[in-house]
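Breakdown of the fold
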Amino acid sequence: MSAAAIRPEERLAVAIARLVLDPEAPPARHVAIGAASPIPAAACFLVRALGHPLRVSLQQRRTANPFSEGSRELFDLAGQGRIDLFFLGGGQIDGQANINLIGTGEWPGREARFPGSFGSALMYFLTPRTILFREEHSPRVLVPRVDIVSAPGVSPPGVYRRGTAQALVTGRCVFRFHPERARFSLLSLHPGETVESVRAATGFDFDIPAHVPPTPEPTEQELALLRGPVRETMLEPYPEFCARVFDRKSAA
Amino acid sequence: MTPISLEALAAEVPDGALVAMPPDYSLPASALARALVRRGARGLRLLGVPILGYAADLLIGAGCVAEVETSAVTLGEAGFAPRFTAAVRAGTLRLRDATCPAIHTMLQAAEKGVPFMPLRGLIGSDILAHRPDWKVAPNPFAPPGAEDPIVLLPALRPDIAIFHAAMADAEGNVWVGRRREIATAAHAARRSLVTVERVVAGNLLEDERLAPGVISALYVAAVAVAERGAWPCGLLDAYAPDGAHLAEYARLARTEEGFREYCARYVLAGASAAAAAA
């Protein structure tokens, strides 16, 4: 196989795939993925390519959409507990795993307006686990407290909630989320990062274990699958991503 | 039902109407939105089913919109919706933020003719904090002694639903395929104004394979033929989105001046200019 350098997107996809397969997390049989999430999609297709049974529903496919009841079916499935895992991002994410997809400054985002909350204010509550994903890891994104809460990271007792964030994956590291204390801890560092560099780029406080390992390198098998069958599956729903991440490399 | 012209369809949307609209990935009535800009519509209240895209950004930029209720406004891969973003920053738009399933649920309540429906989630979100019209009540079916607050959403009945369907038949039935959320919007709205790619002979409801994707003429007030009427967005498996054009829109609409240039080139020149560009 090609000895091409490992691209950051490939590392992130592999890191997410390992979180999907984490035996300590609730089982993932069905994952739903939005249109703006090519890296999480690649991660889930990699999990499948590794031989694990996982139903992957791409929510916004124009053709061959997995749903036949329109865009409400995703939320009806989540309402029933038929979606095990979902991915969310945020214009801002804080140390209690609150996410803000609305904007900064005064309501409703008078300083900088983001597109909006989409389905997050339901999905975050009803999915047994959510993986938060945001490539940009900077103090403007990872803030002490979000300006506006699209969906809260934890809920008080008595409020119906099936799950919380499992982890937050960024371009610098992986954090694990601990709902019982509503805090993140540093799980692993991507190449080139240190505890200090992550601390400097993070606006919120987080726990640091005595030993923080590097994010495991993708194996040859994982890379071969990503660049082979996963890429083929991704071509139709995520053409621009495939052109940018995979084709450039295969041409190099 | 005899189809009317696109401009006549736009004239059926009164100023100030509450208009339910699909986003770019569903069945967007892009050609009708351009016709509404040409007609100089004012004070429209847009409802995203459940989010909004190009057509809404165009109407906002052209000053046709007073209020927006939606779960997001986005141009997808072309990025943020620039005229929406500018209007929120300027404070010129009344904006009611929602979340996708809440909009589906409010329309489903209207479809059923019941006053409200419950929905999970939302408790602790600032969306709920800014919606005095949404209420939290104890689940009346919870086991005795159990605390189970749940959000109640009022039925939402749009004045008009607008969307672009693949086809209509001679009876005025329209086919939307698997986009059932648009069928729900049509069922909930007082009337639907529909653009279609083409009109086919016969009755779609007599075809067992097509009938599940049909919205009955019962709900449809008027139909206009607009070939490639979703452009620059895509339509089901009929045509793909015109990514280059959406990127051009996103670039031009970043400024007021650029937006006016876009409108002069693609909107105000008439329906034929947009079709020719496609």
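All residue numbers here refer to positions counted from 1 along the written sequence of the relevant chain. Here chains are named by letter from A upward and ligands by number from 1 upward, in the order in which they appear as written. In view of the model being predicted, local features appear only for residues whose pLDDT reaches at least 70, and side-chain atom pairs are presented and counted only at 80 or more, with totals across whole chains, interfaces and linings using the full set of residues. For side-chain calculations, the full set of non-hydrogen atoms in the structure is used, while hydrogens and water are omitted.

You'll find chain B entered in an unreviewed UniProt entry as CoA synthetase, with Caldovatus aquaticus given as the organism.

Taking an unreviewed UniProt entry as the reference, chain A is identified by name as CoA synthetase belonging to Caldovatus aquaticus.

1. Thoughts on the overall build of chain A
Every helix listed is a DSSP run of H or I at least four residues long, and every strand listed is a run of E at least two residues long, numbered separately from the N terminus. What chain A contains, in helices and strands, is 7 helices and 12 strands. Relative to a compact globule of 252 residues, whose C-alpha radius of gyration would be 18 Å, chain A shows 18 Å and is just as compact. When the backbone C-alpha atoms are referred to their principal axes, chain A occupies close to 50 × 50 × 35 Å. Think of it in three bands: with a 1.4 Å probe and only protein chains considered, a residue is buried below 20% of the maximum accessible area for its type, exposed above 50%, and partly exposed in between. In chain A, which comprises 252 residues, the proportion classed as buried is 57%. Contacts were defined at the residue level, with two residues in contact if any of their heavy atoms lie within 4.5 Å. Across chain A, the fraction of contacts at a sequence separation of at least 24, relative to all contacts at a separation of at least 6, is 71%. Only the protein chains shown count as cover for residues, and the accessible areas themselves come from Shrake-Rupley with a 1.4 Å probe. Total accessible area on chain A stands at roughly 10,200 Å², and carbon and sulfur atoms take up 54% of it. One finds the centroid of the 28 positive side-chain charges in chain A at a distance of 3 Å from the centroid of its 26 negative side-chain charges. The size measure is the radius of gyration over C-alpha atoms, and the globule rule it meets is 2.2 Å times the number of residues to the 0.38 power. Only four residue types enter the tally: Lys and Arg on the positive side, Asp and Glu on the negative side; His and the chain ends are excluded. Every charge is mapped onto a representative atom, which is NZ of Lys, CZ of Arg, CG of Asp or CD of Glu.

2. As for the sheet that holds strand β3 (residues 85-88) of chain A
All names here are of chain A. Any two strands between which DSSP finds at least two bridges are classified as paired. Pairing is mixed in the open sheet, where 7 strands are placed in the order β2-β1-β3-β8-β10-β11-β12. Unpaired on one side and paired on the other, β2 (55-58) and β12 (183-189) mark the two borders of the sheet. With direction set aside, neighbouring strand axes in the sheet form an average angle of 25 degrees. Across 3 bridges, the pairing between strand β10 (residues 164-170) and strand β11 (residues 173-178) is antiparallel. Bridge pairing in β11 links Val169 to Val174. Helix axes are fitted only over the stretch in contact, all axes being lines through C-alpha atoms; the angle between N-to-C directions runs from 0 to 180 degrees. Across the sheet, helix α2 (residues 38-49) touches β1 (30-33), β2, β3 and β8 (129-134), and the angle it forms with β2 is around 155 degrees.

3. Examining the confidence of the model for chain B
pLDDT measures the predictor's confidence residue by residue and takes values from 0 up to 100. When pLDDT is averaged across chain B, the result is 95; 97% of the residues are at 70 or more. Our summary of model confidence lists the complex with pTM equal to 0.95 and ipTM equal to 0.95.

4. Things to note about the nonpolar core
What is meant by a nonpolar core is a set of buried Ala, Val, Leu, Ile, Met, Phe, Trp, Tyr and Cys residues, joined one to another through side-chain atoms within 4.5 Å. By size, the foremost hydrophobic cluster in this structure holds 85 residues, and its most contacted members are Leu132, Phe175 and Phe184 of chain A together with Trp134, Phe163 and Val174 of chain B. In this structure Phe184 of chain A touches Asp94, Gly95, Ala97, Leu132, Leu168, Phe175, Arg176, Phe177, His178, Phe204, Phe206 and Asp207 of chain A, once residues within four positions along its chain are discounted. With 53 residues, the next largest nonpolar core counts Ala29, Ala31, Ile60 and Val68 of chain B among its residues.

5. Some thoughts on the interface of chain B and chain A
With 48 residues of chain B in contact, the opposing surface of chain A contributes 40 residues. Together, the buried faces of chain B and chain A total about 3,600 Å²; carbon and sulfur atoms form 58% of this surface. Any Lys or Arg side-chain nitrogen found within 4 Å of a carboxyl oxygen on Asp or Glu counts as a salt bridge. Linking chain B with chain A are 1 salt bridge. A salt bridge links Asp97 of chain B to Arg113 of chain A, with the shortest nitrogen-to-oxygen separation between them at 2.7 Å. Any pair of N or O atoms that falls within 3.5 Å is considered a polar contact. Within protein, one atom must be able to donate a hydrogen and the other to accept it, and sequence-neighbouring residues count only if both atoms are side-chain atoms. The interface formed by chain B and chain A includes 19 residue pairs in polar contact (both at pLDDT 80 or more). Elements represented by at least two residues in the side of chain B that touches chain A include exactly α4 (82-90), β4 (94-97), α5 (100-112), α6 (126-129) and α7 (180-188) of chain B. Buried area: the accessible surface (1.4 Å probe) lost by two parts on joining, summed over both.

6. Some thoughts on empty space enclosed by the protein
Using protein atoms alone on a 1 Å grid, points that fit a 1.4 Å probe yet trap it form a cavity, whereas open point sets bounded by protein on both sides within 12 Å along at least five of seven lines form a pocket; residues with an atom within 4 Å of a point count as lining. Grid points are joined across faces, edges and corners, and a volume is the space filled by probe spheres set on the points. If you walk through the whole model with that rule in mind, you get 4 cavities of 30 Å³ or more. Quantified by volume, the largest cavity comes out at close to 90 Å³. In terms of lining, the largest cavity is formed by Gln59, Gln60, Asn65, Phe67, Gly70, Ser71 and Leu74 of chain A together with Tyr25, Arg178 and Arg179 of chain B. For this scheme, ten residues count as nonpolar: Ala, Val, Leu, Ile, Met, Phe, Trp, Tyr, Cys and Pro. Four count as charged, namely Asp, Glu, Lys and Arg, and the remainder, Gly too, count as polar. Across the lining of the largest cavity, the residue classes tally to 3 nonpolar, 5 polar and 2 charged. Size it by volume and the second largest cavity reaches roughly 40 Å³. Lining the second largest cavity, in full, are Phe125, Val159 and Tyr160 of chain A together with Leu119, Arg120, Gly121, Ile123, Pro149, Ile150 and Val151 of chain B. Top contributing element to the lining of the second largest cavity by residue count: strand β7 (residues 149-154) of chain B, with 3 residues.

7. Remarks on the side chain of Ser117 of chain A
Inspection of the secondary structure assignment puts Ser117 of chain A in the loop between β7 (112-113) and α4 (120-126). Among the polar contacts listed, one links the side chain of Ser117 of chain A to the side chain of Ser150 of chain A, at a separation of 2.8 Å. When residues no more than four places from it in sequence are discounted, the contact partners of Ser117 of chain A are Leu101, Ile102 and Ser150 of chain A together with Ser71, Ala98 and Ile127 of chain B.

8. So, the confidence of the model for chain A
Averaged over all residues, the pLDDT of chain A equals 93, while 96% of them reach at least 70. Residue range residues 248-252 of chain A is modelled with pLDDT below 50. Its contacts to residues more than four positions away, or to other chains, number 8 contacts.

9. Let's talk about the pairing of β1 of chain A
Residue and element names in this part refer to chain A. The side-chain alternation of β1 yields two buried faces, one formed by His30 and Ala32 and the other by Val31 and Ile33. Where β1 and β2 come together, 4 bridges link them in parallel fashion. Each residue of the ladder has a partner; that of Ala32, found in β2, is Ser57. Pairing of β1 with β3, which is carried by 2 bridges, proceeds in the parallel orientation. Note on β3: the bridge partner recorded for Val31 is Leu85.

10. Focus on unusual backbone geometry
The step from Trp107 of chain A to Pro108 of chain A runs through a cis peptide bond, and the omega angle for that step is -5 degrees. You can see Pro108 of chain A is positioned in the loop between β6 (103-104) and β7. Pro232 of chain B follows Trp231 of chain B through a cis peptide bond whose omega is 10 degrees. Tracing the backbone through its elements, the reader meets Pro232 of chain B in the loop between β12 (220-225) and α8 (243-252). One non-glycine residue with positive phi stands out, namely Phe118 of chain A, at about 50 degrees. Locating Phe118 of chain A in the fold gives a position in the loop between β7 and α4.

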